[in-house]
Amino acid sequence: METSIASSSSPLRFSLNPTNPRPNLNPAPRLAPSGPGGRQPAVATRLRAISPSPTPSPPAPTESFGFDALKDTFSVDVAAAEARPLDVPLAAPFTIASSRLDAVSNVAVRVELSSGAVGWGEAPVLPSVTAEDQPAALAAVARACALLAAAPSAPLGAVLRDVAEALPGHAFASARAGVEMAVIDAVANSIRIPLWRLFGGASNSVTTDITIPIVTPNEAAQLAAKYRGQGFQTLKLKVGKNLNSDMEVLKDIRLVHPDCSFILDANEGYTENQAIEVLDRLNVFVVNVFLPEMGVTPVLFEQPVQRDDWEGLRHVSVAAMDKYRVAVAADESCRSLLDAQKIIHGNLAHVINIKLAKMGVLGALEVIDAARKAGIALMIGGMVETRIAMGFAGHLAAGLGCFSFIDLDTPLLLSNDPVYGGYEASGPLYKFTNARGHGGFLHLDNNSGWK
């Protein structure tokens, strides 16, 4: 697939070559090599996820249940719903430009239907991004659970609208996402289908990148070597606190993992000029010949400037693509459909990062639909989460099959895995082999939490 980058008066768009994740600027479509009989194979029209291995073949076609149809046809009768703290230490501190995290302090949600089907959700909390901290999210989810348990039977769509009314807007987005996950998972368990089928059935697996937080250059190199051995081909580097230190980290990582692809994530840490300087310093021109200074040109530059610096975001997006063919993603800048529409209509970024904790499940589906219609590429990520929330997001990404960048790695950063069942992880490859729902669940302990 080859499409042109748009003019300054049209949406910023880019394309990815399936064998090379570098955005392509050539406006003239190339013909693929001829197949048998001289026929040209069909040109791909969907951006593909960056993957260290060929995209897995989709499963054989099966009966489609369709999430939208189910909202009108499935009657939800909640017998019980509850929320409890979900606390898991990290294997090492997770530092980004805007915060440091030593443990997951999320909220687990359990919903049981009158049929006995149970669903699990998770409200991920990262106060630098989500409006809620753990006590606020726990209280909000508890209120919604009480409403669910007291409500009469109603269509799934009506139940989810009631949840949205009880937990409105960005102020309750993470809590809303956790409750929505649990309800939808319970429904999928009730009708005995996995979530990836419910969301479209495009695939039953995804391939993720893995994140290196802000650490010393030596620590970053050690992590990169470890991840190379585990098969990770795409590394996401947290940057944005110190530009010179960021350069040193990139140099050291390139030495130990010379063939990896890079995503840079500044988490709002740079100014517009600093963000452009980062790309300039990674590349130099000598006597009109392009030479990579360090062999480092990222495939994606995520949230380079402050959330509300809309002009800065656009200027970085234009400069990154025009000079270095680097796509820019809006993450913190997109936490609602209104934000997405502003980004789309203002030509502010090439990619929108979907996180369920920023906008809830239904809100995320609205943004995904708007971006796909506008030809804007999509990334899916998360906060620091267990395999409950990350499994739900992975099923969503696999089922829809429309994400160019997959960033669902944070369960790999925890000191232990509290989730039973769920997806199978083999290095960067997640396989969704469970028979129904997202397949993950927690066990009740004696300390008012789940383990």
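For the structure given in this document, a descriptive report is provided here.

Conventions adopted
- Residues numbered from 1 in each chain as written.
- Predicted model: local features only at pLDDT ≥ 70, side-chain atom pairs only at ≥ 80, totals over all residues.
- Heavy atoms only, no water.
- Core = buried A, V, L, I, M, F, W, Y, C linked by side-chain atoms within 4.5 Å.
- Buried < 20%, exposed > 50% of the residue type's maximum accessible area, 1.4 Å probe, protein only.
- Contact = heavy atoms within 4.5 Å.
- Helix = DSSP H or I, 4+ residues; strand = E, 2+ residues; numbered from the N terminus.
- 1 Å grid on protein atoms, 1.4 Å probe; cavity = no way out; pocket = protein on both sides within 12 Å on 5 of 7 lines; lining within 4 Å.
- Points joined across faces, edges and corners; volume = space filled by probe spheres on them.
- Nonpolar A, V, L, I, M, F, W, Y, C, P; charged D, E, K, R; others polar.
- Polar contact = N/O pair within 3.5 Å; in protein donor to acceptor, adjacent residues only side chain to side chain.
- Axes fitted to C-alpha atoms, helices over the stretch in contact; angles between N-to-C directions.
- Parallel < 35°, antiparallel > 145°, perpendicular 65-115°, else oblique.
- Left-handed = near helix turned anticlockwise from the far one by under 90°.

### As for the nonpolar core
The nonpolar side chains of a soluble globular protein tend to be buried, and buried together.
Right, so step 1: Val-111, Ile-352 and Phe-403 are the most contacted members of the largest nonpolar core, which has 135 residues in total.
Right, so step 2: Non-local contacts of Val-111, meaning those with residues more than four positions away in its chain, are made with Val-78, Ala-80, Ala-81, Ala-117, Val-118, Gly-119, Leu-148, Ala-182, Val-183 and Ala-186.
Right, so step 3: Of all hydrophobic cores here, the second largest spans 10 residues; its members include Val-299, Ala-377, Met-379 and Phe-405.

### Re unusual backbone geometry
Right, so step 1: Phi angles above zero are rare outside glycine, and Asn-267 is one such case at about 45 degrees.
Right, so step 2: Within the fold, Asn-267 resides in the loop between strand E11 (261–265) and helix H8 (272–282).
Right, so step 3: Of the residues examined, Asn-267 reaches a relative accessible area of 3% and is grouped as buried.
Right, so step 4: Even without being glycine, Gln-303 reaches a positive phi, approximately 40 degrees.
Right, so step 5: Here Gln-303 shows up in the loop between strand E14 (300–302) and helix H9 (310–324).

### Focus on empty space enclosed by the protein
Right, so step 1: Tallied over the entire structure, the rule returns 4 cavities of 30 Å³ or more.
Right, so step 2: By volume, the largest cavity amounts to about 150 Å³.
Right, so step 3: Phe-94, Lys-238, Lys-355, Gly-382 and Met-383 are, among the 18 residues lining the largest cavity, the residues nearest its centre.
Right, so step 4: Its residues assigned to classes, the lining of the largest cavity shows 7 nonpolar, 4 polar and 7 charged.
Right, so step 5: Roughly 50 Å³ of volume is contained in the second largest cavity.

### Let's talk about the side chain of Asn-353
Right, so step 1: In this structure, Asn-353 sits in strand E16 (residues 351–354).
Right, so step 2: One polar contact links Asn-353 to Glu-302, side chain to side chain, over a distance of 2.7 Å.
Right, so step 3: One polar contact links the side chain of Asn-353 to the main-chain amide nitrogen of Gly-381, over a distance of 3.4 Å.

### Looking at the packing of H8 against H9
Right, so step 1: Where H8 contacts H9, the axes come no closer than 9 Å and their chain directions differ by 15 degrees. Taken together, H8 and H9 sit at an angle that is classed as roughly parallel. Every pair of crossing elements has a handedness; the one defined by H8 and H9 is right-handed. Where H8 approaches H9, its residues Glu-272, Ala-275, Ile-276, Leu-279 and Asp-280 are matched on the opposing element by Gly-312, His-315, Val-316, Ala-319, Ala-320, Lys-323 and Tyr-324.

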